[in-house]
Each structure stands twice: as structure tokens, then as C-alpha cells.
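Observations on the three-dimensional arrangement
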Amino acid sequence: MADETKGSEKISGFSRSEWERRYQKIRELMQFRDIDCLIITGHEGRNGAWQCNVQYTCGMSVMSTYVVLPLEGEIIAISSMPAMGGPVAFQKLSFKKGKGEARRVRDYCGALVSRIKELEMEKATIGIVEMRVMPAGIYLELLKELPQADF
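A brief report on the enclosed structure follows. (Residues numbered from 1 in each chain as written. Predicted model: local features only at pLDDT ≥ 70, side-chain atom pairs only at ≥ 80, totals over all residues. Heavy atoms only, no water.)

What about the environment of Gly110?
Here Gly110 is to be found in helix H3 (residues 108-118). Judged by its relative accessible area of 30%, Gly110 falls in the partly exposed class. Residues Gly110 and Leu142, 32 residues apart in the sequence, show an inter-C-alpha distance of 8.7 Å. (Helix = DSSP H or I, 4+ residues; strand = E, 2+ residues; numbered from the N terminus. Buried < 20%, exposed > 50% of the residue type's maximum accessible area, 1.4 Å probe, protein only.)

Structure below.
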């Protein structure tokens, strides 16, 4: 995801320091609102305008992308983008050079639940950005699979 451009590391068009600044600001707001983890989703509606939160947090602007952003720990993007490893991929966002780690998953909700469990946040407060574009089926499945979480 990263490439060298005139001596400074660039990730999806931005410097490493810009990504770190964004994550720091998001995490400050999460702390203020007592949110342990965010699930960020988007939608191609309104000429892609509802995809802005995903694009802001991971640089991707493709349909069916979810970002899991914990208060602490690694940020994960789950996407349907073929270049990320298949019809659905589990992609670790990192500042390392190269493609990063990717593995196939069967469904979005399963990947979201898997990541939340890896983070040991089954009983955590989980924020959803943006409920107006979160597919109802995925939301209902999250409620079912993570009954002790506070959404």
C-alpha cells in the first residue's frame, strides 16, 4: 500500500503522518464518547458521498467496504475489492511496503465479528459509522452474533 515518493512515505496518497493524525483525532473522539471500537461503512449512493467515511479512514472508495477501527490496535478493512484478495477480503491496513496480509472470508458480518472477537471486544461499546448506510441485515446479524456488545 505504500510507495516511496521524494523521500517521504505515502499511503493511498497521504503521508504516514497524515494517517496517524487522522487516527489520533478519531480515537480522541472515541475516548470522549466511551467507544471501544468503530465499525465504519459506506455506500455508493449520492454519487459516492456516503463512502466518504471509509475513504477518510482507509483511502478506499469501493462499494461494500467496512473498516474496524479499535481504540487501540490494528485497523482492518474488509472489502469486495478484487485487488485485495478476491470477492471479499480481510485486509490489514499498515504502513509497511507491499500488499499487506489478506485472506478470503465468506461474508462481511462474519469477518466483522471475527475481528471484534480477535480484539476481545464482544462486551465492548461499538460505534457504527454510518447507521443510515449500514445494511439492516448486517446490523441485525451483528446484534445476534455479539449479544453482549453495546452498539
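Back to the write-up after that little detour.
Side note on the pattern of salt bridges
Here the structure, examined in full by the defined rule, presents five salt bridges. Note that Glu130 is salt-bridged to Arg132, the shortest N-O span being 3.5 Å. Accessibility expressed as a relative area gives 28% for Glu130, which makes it partly exposed. Among the charged side chains, a network of salt bridges with common partners joins Glu18, Arg21 and Arg22. (Salt bridge = Lys/Arg side-chain N within 4 Å of Asp/Glu carboxyl O.)

A short note on the nonpolar core
Within the largest apolar cluster, 22 residues are counted, with the highest numbers of intra-cluster contacts made by Ile39, Tyr66, Ile78, Leu112, Ile138 and Leu142. When contributions to this core are tallied by element, the ones reaching two or more residues are strand E4 (37-41), strand E5 (65-70), strand E6 (76-79), H3, strand E9 (126-129) and helix H4 (136-145). Examining the composition of this core, we find that six residues originate from one element, H3, more than from any other. Ignoring sequence-local partners within four residues, the contact set of Leu112 consists of Ile39, Tyr66, Val68, Ile78, Ile138 and Leu142. Counting residues in each nonpolar core, the second largest holds 13 residues, with Trp19, Tyr23, Val54 and Leu69 among its members. (Core = buried A, V, L, I, M, F, W, Y, C linked by side-chain atoms within 4.5 Å. Contact = heavy atoms within 4.5 Å.)

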